[in-house]
Structure formats: C-alpha cells, structure tokens
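An overview of the molecular structure
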Amino acid sequence: MTPQSEAELADIIAAAKGPMSIRGGGTRGSSGEGDPLSVAGLSGVTLYEPGALTLVVQAGTPVEEVKKILAGENQRLAFEPMDHRGLLGTQGVPTMGGVFAANTSGPRRIQSGAARDFLLGVRFVDGRGDVLSNGGRVMKNVTGYDLVKLMAGAYGTLGVLSELSLKVLPKAEACGTVAVDVADLATAVAAMSVALGSPYDVTGAAYDPDAGTVFIRVEGFETSVAYRGEALLQALAKFGEARMTLGEGAALWEGIRDVAAFHDKPGDVWRISVKPSDAIVLAQTLGTTALQFDWGGGLIWALMEEGTDLRARMNVPGHATLVRASAQTRGAIARFQPEPAPLATISAGLRAQFDPRAILNPGLMG
C-alpha cells in the first residue's frame, strides 16, 4: 500500500484489520511482519524559507532531492544522515521520513546534534487513523508536550510520519581533515579526546583500526579551517605522524558515515553506543571480525560472526543494536537493546496510547 496523500494514509490505517510494516524508501529492509505500508507516495517540499533556515517536506521525499534543493541555497542537512544501502545491501531511495523515524545521524552529530535536534514540527497518523500534529515551523516554538522528539527514533511504532518541519544550516565553505597514524585504540581515543576537547570546533572524530589512523575534521571559512587544522596538527603530533588535507574529505567522511569498510563483507553488523573511554575495554572482549569507531570512540560499529549475541559479551554500560543479520538471527536476538523495566513500562504505555490496536510495526522495538 502506497497512499498518495495524508488523508489516504489515515483511511488505510483506520481501516486496517491487522499489523502493518511501515517503510519509507525501503533502504533499511523489512520493518517486521504485516502488510507493507509505504509513505513514498507522500513526496515534495511544502515550504522552504532559506532566510529563516526552515524547510517543510512530506515524509516520502527523497533525501537526495532535499540535498539538491538546499545546495542551491548553499545550505545543508547538518546532521549528515547515513545511507544504509551499501551496508545492508538494499535498494530503494532514502526518504526524509525514514531518516527521522530512525533518528539517523552521521559523524557531525558530535558537533551539530542528532537528527531529532533539527525537528521543529511533525504531522503523523496514529494507530487509530487520526491525524495529529505537534510543533511548528519556527525555531522558537513551545506547544506543550514535545511529541516532535518522541516521534524521532520511534521507528513508526507510535505513528506514521506524513510531514516534517526542520531546521537547516549553511553549508561550510571549506573542509579540512587531519589524519594521525596511531599505535592502538587507546592512543586513538586519547587523540580524539584531545581534538574534541580543543577550542577548534571539530565536526568529526573517527578511527579506522585497519588503517591505524585517526581522522579529525574541521569545517568553516577556508582561512579558519587552515588555521585550526594547523593547530590540531601540533596538538596531535605527540600521538603519531600527523598530516592534513584541505578540500578533499567528502568521500572519506561519506565512507565513515556509511560504514563503507563493512560493505560486502560477510557477518552480522552491530552498532554500539558507549562512553569513549569504555570503548577500549569493550573492544578487547567482543571477539569481532572488524571494528570501526566514530563520535570520538562513543559509536562503535562491530562486524561479528553470524548468529553471535554481542550483548552477552558487553562488559561496560551501553546500548547495542543489531543492524544487519539473517532472518534466523533476528528471530533469536532482539534488534534493539532491551530496556530497563521502568523504561519498558513507560514505552509500552506510550505505544498503548498512540497505537492501541498494536498494528504499527508490532514487536519491532521489543
């Protein structure tokens, strides 16, 4: 089912007799059991005010279409949403609704914030088929309960997004990347911590163990990027051989964003969130095939032998999400980190309010 309007979407959900699998462009694979319901037909830019840095789009609007429109005004999606197709081996087209339903944020999250931080307002259809809206189209907006943030990262279990109002930011004039060759993970985390704790407004801090290299990104006016890059070179030289490139980092950071190192490699893929200092201890116990680090070491991508329950090997506080695995493994291991009992009770209560019939991606969140 691919409704072409919000009203049609509401009618379909209201008339549903059983579970529905909600999706945007299908780039993240199946959302679970049930009749497929795609919002790809709800596409287009409703409002764009470059001077106010605000954009309103239909949920099924392709991300690339939005990027092109913003580029025409020298603006961008600052939270740098990931493209899952290479990692998951899927087809389709990433949509704006999918980005916010999953709260997808890239390397710049450490500086600009997560996708949810850019949402100003939402329209969505709940499990009853009612159309609801929350938030507005301006940055300073107070409207009571913040359903905007609640919908981001809910994976369609509370309602199906139909329209999104969001904040955009100017595109940086220049980009510079400082690369530091390091001996081990402990040195990498120390180097990234120094960079992130510096006054040089770092917008990316990642580590590739295969290359033995830490990558630090700075963006802004060209003269400022050159100055800050040179300062970081001096600050990070004690950790290993350091070098800087200007204006050639787009492909590198897209690869970090999309975890290109794991594309076409066999095995399950896990996404782990921990304190950067805990990453050092955790990495020694996971028994992974390969690792990649982002967000200064706070985000770990782990490639594991198929069917392995990574959570059983975690020895530090954190969250682990099973991003890629076979249907058999997904049937045995929960996709998302199990919630503590008090939080699980709150989550179940919210779902019961927004989706009393339990038809929107049932079971997806555990």
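Scroll up for the structure.
Since the structure is predicted, the reported quantities are computational estimates derived from the model, not experimental observations.

Reading the values: the criteria
- Residues numbered from 1 in each chain as written.
- Predicted model: local features only at pLDDT ≥ 70, side-chain atom pairs only at ≥ 80, totals over all residues.
- Heavy atoms only, no water.
- Buried < 20%, exposed > 50% of the residue type's maximum accessible area, 1.4 Å probe, protein only.
- Helix = DSSP H or I, 4+ residues; strand = E, 2+ residues; numbered from the N terminus.
- Pairing = 2+ DSSP bridges.
- Axes fitted to C-alpha atoms, helices over the stretch in contact; angles between N-to-C directions.
- Contact = heavy atoms within 4.5 Å.

1. Examining the pairing of strand β8 (residues 160–167)
- The element β8 is extensively covered by neighbouring structure, given that seven of its eight residues are classed as buried.
- By the bridge criterion, six bridges tie strand β6 (residues 119–125) to β8 in an arrangement that is antiparallel. Across the sheet, residue Val125 finds its bridge partner in β8, namely Val160.

2. Some details on the sheet that holds β6
- Taken in spatial order, the five strands make up an open sheet running β3-β4-β8-β6-β7, and their pairing is antiparallel. Looking at the sheet topology across the chains shown, the edges are occupied by β3 (45–49) and β7 (131–135). Direction aside, the axes of adjacent strands within the sheet are offset by 10 degrees on average.
- The sheet contact formed by β6 and β7 spans five bridges and is antiparallel. Along β7, the bridge assignment pairs Val125 with Val131.
- Lying on the sheet, helix α1 (residues 6–15) is in contact with β6, β7 and β8; it crosses β6 at an angle near 50 degrees.

3. Describing the environment of Val259
- Inspection of the secondary structure assignment puts Val259 in the loop between α9 (250–257) and β14 (268–273).
- Given the relative accessible area of 3%, Val259 is considered buried.
- Distance from Val259 to Leu9, taken between C-alpha atoms, is 34 Å for residues 250 residues apart in sequence.
- Dropping the residues within four chain positions of it, Val259 is found in contact with Met82, Leu87 and Trp301.

The quantities given are spatial measurements derived from coordinates; they are silent on function.
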